[in-house]
Structure formats: structure tokens, C-alpha cells
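This is what each chain is made of:
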Amino acid sequence: PTANALGFFRNKREEGNIDPNRDFPYDLQDYTRCMVSIAGRSVNEIFRSHLFQLAVTFHGGMEAVGYEWGAPSYSSFVAPDSLSQADISRVYSTFGGEVKGKTYPVGTMNELVYPVRGGMEDWAYAGSWDTQRVNQCKPRTYGGYDAEKTKYGNGTLRMFNVLVETSDSKEPQTNIGTDEDLFNPKGKGSGHVPRNIRLALSMIDLVEPYVVINSVEDIPFEEDIIPGIEVYTRSCIKTRAVLVPEGGLEFGMVPFSWTVGGGITVDETYLMYAKWDDIAETSPFDGTTQPTQKQLDDFFADLESSENKNTFKYSDKQTGKTSWGTYNPFDGENYHKDTAFTSTIDVSGLRKGDKLAVFAVAKVDQSWKDNVDGNVKGNLAPQTHVVNARTNPEWRYESTDGEQLVQGRLLWFSVPVTVVVGSAKTAFMEISIRNPLDESELEWIDDDLLEERSYRFLFTVIVSAYGIIFIGLVIWKLMHIRDKKLRHEHRGIQMRECDTLQLDNGITILS
């Protein structure tokens, strides 16, 4: 779909004689000149009913990734969110990759492009909080437009809407690109189209932080989302689980590997674990939702004052970067290879049948809550959802219909992995049930069957190994017989070649 349907059909920038790019109520001098177009009103209706955090508008005529400000009134100022905007824009440029040997230049719209009044990007960014530069529109076209629809709630327009100028030519005829090596910024098929696909994908990834446990003892997990399957409280106990021998591996430790995404800088990350039986059903750790800071504070305050204050154990805290923070994004084969975090948990005190919940936890991008020294008008703190949702636990906004929520938090939790303890002779293996509703596979939670399933696993491995050896021997024997037959046939040919040829004169000639 395209917002400016008429302009797209006519291959023109304008809708009739109206430029929808300048049709928004921000930093205008005449408010009869906004919401004039159907395109502008359509965008306005969508934004009024959602709480968007990130967006990209694609244009042509030059090459740039531009962020706020782009309004004349702020031509000599930086935006309160300029730190996050610069970081995110650099990711867009880097992961987008090069076309004709160049990545997108990055900077403010006022620097790279030119100041405009009524621009969509600044309106979407500041329309809810910079109220001095927003007035209700009074257009005369199409029978007018209800002025109340350009009166915005305090949380409606607080998004980072970046301007991407995609090409010096508005209709490039070369370097379009292909889908070959699509996820590789330096791939053979790189060009205008794949570059902007990658840019859009990086935007989707950065909208919210997340943590994923990738493997336990080098056993990788599959993706933990199955379409059509209901996720319910603690269903993860079955869907992400491993079986370990009593006493663990070396020195009673079990190694974990995890990654942090949806951000750039990892301020801290670690493993947190406890027995499922010791985690109250009323706790905020249900494996399906992210706990708020208040829920965490209340839970741990109650836990600290109880006899179970040592319920949870923790690995050492680590810091680092996500794949976006290294500015060396994945190439289609080695996603997050160099940005994985590793640590171990101690299971030496656990006994057969115990079930341990292991969470990976992360805090990211805390530097974004600081504005740039000196040149933010009014010395305002960051105003966007995307920054405050990860740095300000007091931040909370709902959409007008109450169906969408942006809730600030500091800590982000992975879907937990359940470590099930078998006997000392149990083999280490994954026992996840991908579909939690598959009752036929629920036997693994019966302690009496843990060792039996482990033995079945070992038996399968041993039989498979012997089968491979047997097949190898059979192949070797067949090849040996074939070679022997070939040698025999070769000798027969040589003997026939040496047969004597008797001529009529009785002389024997060797052929």
C-alpha cells in the first residue's frame, strides 16, 4: 500500500496539487494548510489509534538517513532524543550497506536535507509534547476535517520517525539489487531494494529489547514460537527444557549461551535461576510476560523478608554489545556469532526430579536517557517511547482505545529454560516438547521415566553408531569384491591379447 495513492497512480509527488509530505500540523504558520490531503488524513487516522515507536519514510532525490530535527524553529538545536536517534540511524546505514561503494550519510534532517514546515517526521516525533508548535488543523478541502482529530493525547506522537532518502535518482535504473545474499550488507546481490529491506528489518528488531537463550551445553534450541499454539502461564516448562545428569557436568556446572537483541549497548546481562517449586505461582515470573519494575521490587522485597530469600541464584554480570552495537551485523550465516554471552549455573546440589527455571536477563541502552550536553532547547529529557520504554520504569502510556500499552522497564527477561535433573547416569539431551498441547509427549515430566527415556536415547545412539559401522563394513566388502572381479577381468583381457595367431605358412606370430 502507499499513502499517496493518487500520486502513485499518476507517478507524481503531489496528491493533485498538494504535497502530502508537508501536510501535518507541526511548526506551521497557517493551520488551514494541514490535513488538506487524503493521504495526510489517512496517516493521521492510523497514528491516532496506535502507539508507534519506530517508523521509516522512504523518499528519493538524494541519499541520507535523517533524524530530528527537520523543522525551521529548531535549525540550531538538537533533539532531546538525539543520542538514540544517532545510534539507531547508524545501524540503519551500516546494515543497509553500500550501493556504488557508499553507505547512507547519517545526520539531522536540518543538516543533511533542508528545514521544512509541516513535515511528517517532526510531527510524529513531537506532536504530543511540543504543544507550542502544534495547532488544530482547519482545512477547507473535501468538506473540511474535524479539528478534534488533530488534538493529540500525551502519548500518541512520541515516535522516532526517520527520513530515508534512498537514491540520487527518483527512478534509478541501475544497482536495483537482487535477493542473492539478501541479509548480507556486502552480498553479491546488494542494491537499492535489498539495502532498504535490510534497513527496515533492523528497525523491526530495534523496537524492543529481548533476550534469548540459544543453547545449553552446545545443544541449540529451535525457535520458541509455533504459530497457532496457545502460550499460557509456565507452558515454557515443557517447550524449552533439557535433561541433565544428577551432579551436572564438570564440577557440577552446566554451561549456557544467550544473546541480547533489540538494542545496541548491553549495560548488564546475567543468568538468574531457581527451582520451579520455589517460585510462587503468584510471582511475576510466568514465562510469558515481562515483569514491570514495580512487580520486581515488590516480589524481591517480600522475598528478602522471608525465610526463602536465597531462592534465586545468579551468574556474574557481564557487559557488551549486541550485533547492532558491533556495527558488524549478521551475514546470513553467523548471526550473533560474536555477540553471544556465556556462563554456567551450579546444579551440584540438585537431586533427581528437580526442575530448575533458568532466565537470561539484560539491561540495555541506558546512555540514551541522557540528552546531549548543551544544545537541547529547554534542556528536556528524551521524549520518545523507544527510549523511555527501556530506561524509565515510570513510563506508561495507553492508546485511546486501551488496547495498546507502552510500559517502561529496566530489565528484560528471556523465556526460561527448564533444567530437569535425571539420575547420575542420565545422558545430557534436550527434552523440549514443541507443542505443549501434545499430551502423548508429556511423559518426560514423570520422574520415574526420566532415566528410561535417557537410556532409550543412549540405546538409539549406540545402535545408530553400530549401524553406521555395519553399513561401512558392507560397503567396504562390496568394493573389495568389485575390485577383485575387475582385476580378474583385466587379467583375462591380457591373456586374450597374447593368444597366438596361426598363419597359413605355419609361422606363429604374436599379436
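Refer to the preceding data block for the structure.
Described below are features of the structure shown in this document. All residue numbers here refer to positions counted from 1 along the written sequence of the relevant chain. It should be noted that, the model being predicted, local features are given only for residues of pLDDT at least 70 and side-chain atom pairs only at 80 or more, the latter also being counted only at that level, while totals for whole chains, interfaces and linings use all residues. Side-chain metrics in this entry use all non-hydrogen atoms of the structure; hydrogen atoms and water are not considered.

What follows is about the overall build of the protein. Helix and strand labels come from DSSP, where a helix needs a run of H or I of at least four residues and a strand needs a run of E of at least two; each type is numbered from the N terminus. Along the backbone of the protein there are 10 helices and 20 strands. Buried residues in the protein amount to 46% of all 511 residues. By definition in these notes, contact holds between two residues if any of their heavy atoms fall within 4.5 Å. Taking as baseline every contact in the protein between residues at least 6 positions apart, the subset at least 24 positions apart corresponds to 77%. Just so you have it, the protein exposes about 26700 Å², and 53% of that area is on carbon and sulfur atoms. Note on classification: 1.4 Å probe, protein chains only; a residue is buried when its accessible area is under 20% of the maximum for its type, exposed when over 50%, partly exposed between these limits. Accessible surface is estimated by sampling points in the Shrake-Rupley manner with a 1.4 Å probe; for residues, cover comes only from the protein chains shown.

Okay, the sheet that holds strand β5 (residues 210-216) next. Backbone hydrogen bonds are what pair the strands of a sheet, in a parallel or an antiparallel way. The strand order across the open sheet formed by 4 strands is β6-β5-β8-β12, and the pairing between neighbours is antiparallel. Lying at the two open borders of the sheet, with one neighbouring strand each, are β6 (219-220) and β12 (341-346). For two strands to be treated as a pair, DSSP must find no fewer than two bridges joining them. Pairing geometry for strand β8 (residues 253-261) and β12, over 6 bridges, is antiparallel. Its bridge partner being in β12, Met-253 is matched across the sheet by Asp-346.

This part covers the nonpolar core. Ranked by size, the top nonpolar core spans 27 residues in total, and within it Phe-256 and Ile-345 carry the most contacts. Those elements that provide at least two residues to this core are β5, β7 (241-244), β8, β9 (265-275), β12, β13 (355-364) and β17 (417-421). Here the element with the most residues in this core is β13; it accounts for 5 residues. Dropping the residues within four chain positions of it, Ile-345 is found in contact with Gly-252, Met-253, Val-254, Phe-256, Leu-271, Tyr-273, Leu-356, Val-358 and Val-419. In this text, buried Ala, Val, Leu, Ile, Met, Phe, Trp, Tyr and Cys residues form a nonpolar core when linked through side-chain atoms within 4.5 Å.

Let us look at the side chain of Ser-37. Mapping Ser-37 onto the fold places it in the loop between α1 (5-10) and α2 (38-48). Separated by 2.6 Å, the side chains of Ser-37 and Asp-23 make a polar contact. Those residues in contact with Ser-37 that lie beyond four places of it in its chain are Glu-15, Ile-18, Pro-20, Asp-23 and Tyr-142. Identification of polar contacts relies on pairs of N or O atoms within 3.5 Å, with a donor-acceptor requirement for protein atoms, meaning one able to donate a hydrogen and the other able to accept it, and with residues adjacent in sequence counted only if both atoms are side-chain atoms.

Before going further, it helps to examine the pattern of salt bridges. Within this document, salt bridges are pairs made up of a side-chain nitrogen of Lys or Arg and a carboxyl oxygen of Asp or Glu, the two lying within 4 Å of each other. As enumerated under the stated definition, the model contains 13 salt bridges in all. Of the charged contacts in the structure, one is a salt bridge between Asp-19 and Arg-13, with a shortest N-O distance of 2.9 Å. Take Arg-13: its relative accessible area is 36%, and that puts it in the partly exposed class. Across the pair Arg-396 and Glu-398 runs a salt bridge, and its minimum N-O distance is 3.5 Å. Classification of Arg-396 by relative accessible area gives partly exposed; the value is 46%. Of the residues examined, Glu-398 reaches a relative accessible area of 46% and is grouped as partly exposed.

Moving on, we come to helix α8 (residues 293-304). Along an α-helix, residues three or four positions apart point the same way, because every turn accommodates 3.6 residues. Take the residue count of a helix, subtract one, and multiply by 1.5 Å to get its expected span. The first and last C-alpha atoms of α8 sit 16 Å apart over 12 residues, in line with the 16 Å expected at 1.5 Å per residue. Buried residues of α8: Gln-293, Leu-296, Phe-299 and Leu-303, and no others. Looking down the long axis of α8, one finds its buried residues gathered within 130° of arc, a one-sided arrangement. Exposed residues on α8 whose side chains face more than 90 degrees from its buried face are Lys-294 and Asp-302. Where α8 is buried, its residues meet β16 (412-413). The reported arc concerns the directions from the helix axis to the C-beta atoms and nothing else.

Any two cysteine sulfur atoms within 2.5 Å of one another count as a disulfide. The tally for this structure, following the rule as stated, stands at 1 disulfide. Between the sulfur of Cys-34 and that of Cys-137 lies a disulfide, 2.0 Å long from S to S. With the S-S dihedral at roughly -120°, the linkage between Cys-34 and Cys-137 falls on the left-handed side. Of this pair, Cys-34 sits in the loop between α1 and α2 while Cys-137 sits in the loop between α5 (120-126) and β4 (160-167), and the two are 103 residues apart along the sequence. The class of Cys-137 is buried, set by a relative accessible area of 1%.

Bringing the environment of Leu-6 into the picture now. For Leu-6, the position within the fold is in helix α1. Here Leu-6 falls in the partly exposed class, since its relative accessible area comes to 32%. In sequence terms Leu-6 and Ala-39 are 33 residues apart; their C-alpha atoms lie 8.9 Å from each other. Not counting residues within four places of it along the chain, the set of residues in contact with Leu-6 comprises Glu-15 and Gly-16.

Our next topic: the packing of aromatic side chains. Only Phe, Tyr and Trp rings are paired, with Trp represented by its six-membered ring, and only when their centres lie within 6.5 Å; those with planes under 30 degrees apart are stacked, over 60 edge-to-face, the remainder tilted. Overall, the coordinates contain 24 aromatic pairs when judged by the stated rule. Measuring from ring centre to ring centre gives 4.6 Å for Phe-24 and Trp-123, while their planes differ by 35°; the resulting arrangement is tilted. Note that Phe-24 is positioned in the loop between α1 and α2 and Trp-123 in helix α5, a separation of 99 residues in sequence. The pair formed by Phe-24 and Trp-123 is uniform in burial state, with each residue classed as buried. With a centroid separation of 5.5 Å and 90° between ring planes, the pair formed by Tyr-125 and Trp-129 is classed as edge-to-face. Here Tyr-125 matches Trp-129 in class, with each residue buried.

Over its 15 residues, helix α6 (residues 192-206) runs 22 Å from end to end, which matches the ideal 21 Å to within 8%, given 1.5 Å per residue. Where α6 is concerned, the buried positions are His-192, Pro-194, Arg-195, Asn-196, Arg-198, Leu-199, Ser-202, Met-203, Asp-205 and Leu-206.

Below, the discussion takes up the side chain of Ser-93. Mapping Ser-93 onto the fold places it in helix α3 (residues 82-96). Residue Ser-93 is classed as buried on the basis of its relative accessible area, which comes to 5%. Non-local contacts of Ser-93, meaning those with residues more than four positions away in its chain, are made with Thr-103, Tyr-104 and Val-106.

Let us now look at the sheet that holds strand β2 (residues 62-67). Reading across from one edge, β1-β4-β2-β3 is the order of the 4 strands in this open sheet, with mixed pairing throughout. The sheet is open, and its two edges are formed by β1 (54-59) and β3 (106-108), each paired on a single side. Ignoring which end each strand starts from, the neighbouring axes of this sheet average 30° apart. Simply put, an axis is a line fit to the C-alpha atoms, just over the touching stretch for a helix, and the angle between two N-to-C directions goes from 0 to 180 degrees. Lying over the sheet, α3 contacts β1, β2, β3 and β4, oriented at roughly 145° with respect to β2. Running at roughly 165° to β1, α6 makes contact with β1, β2 and β4 of the sheet.

What follows covers a nonpolar patch on the surface. Like-charged residues within 9 Å of one another, or nonpolar side chains (Val, Leu, Ile, Met, Phe, Trp, Tyr) within 5 Å, are grouped into patches, provided each residue has over 30% relative accessible area and no salt bridge. Among the surface-exposed residues, Phe-470, Ile-471, Val-474, Ile-475, Leu-478, Met-479 and Ile-481 lie close enough to one another that they form a single nonpolar patch of about 660 Å² accessible area. Assignment of secondary structure puts Ile-475 in helix α10 (residues 447-497). Taking the relative accessible area as the measure of exposure, Ile-475 reaches 45% and is therefore partly exposed.

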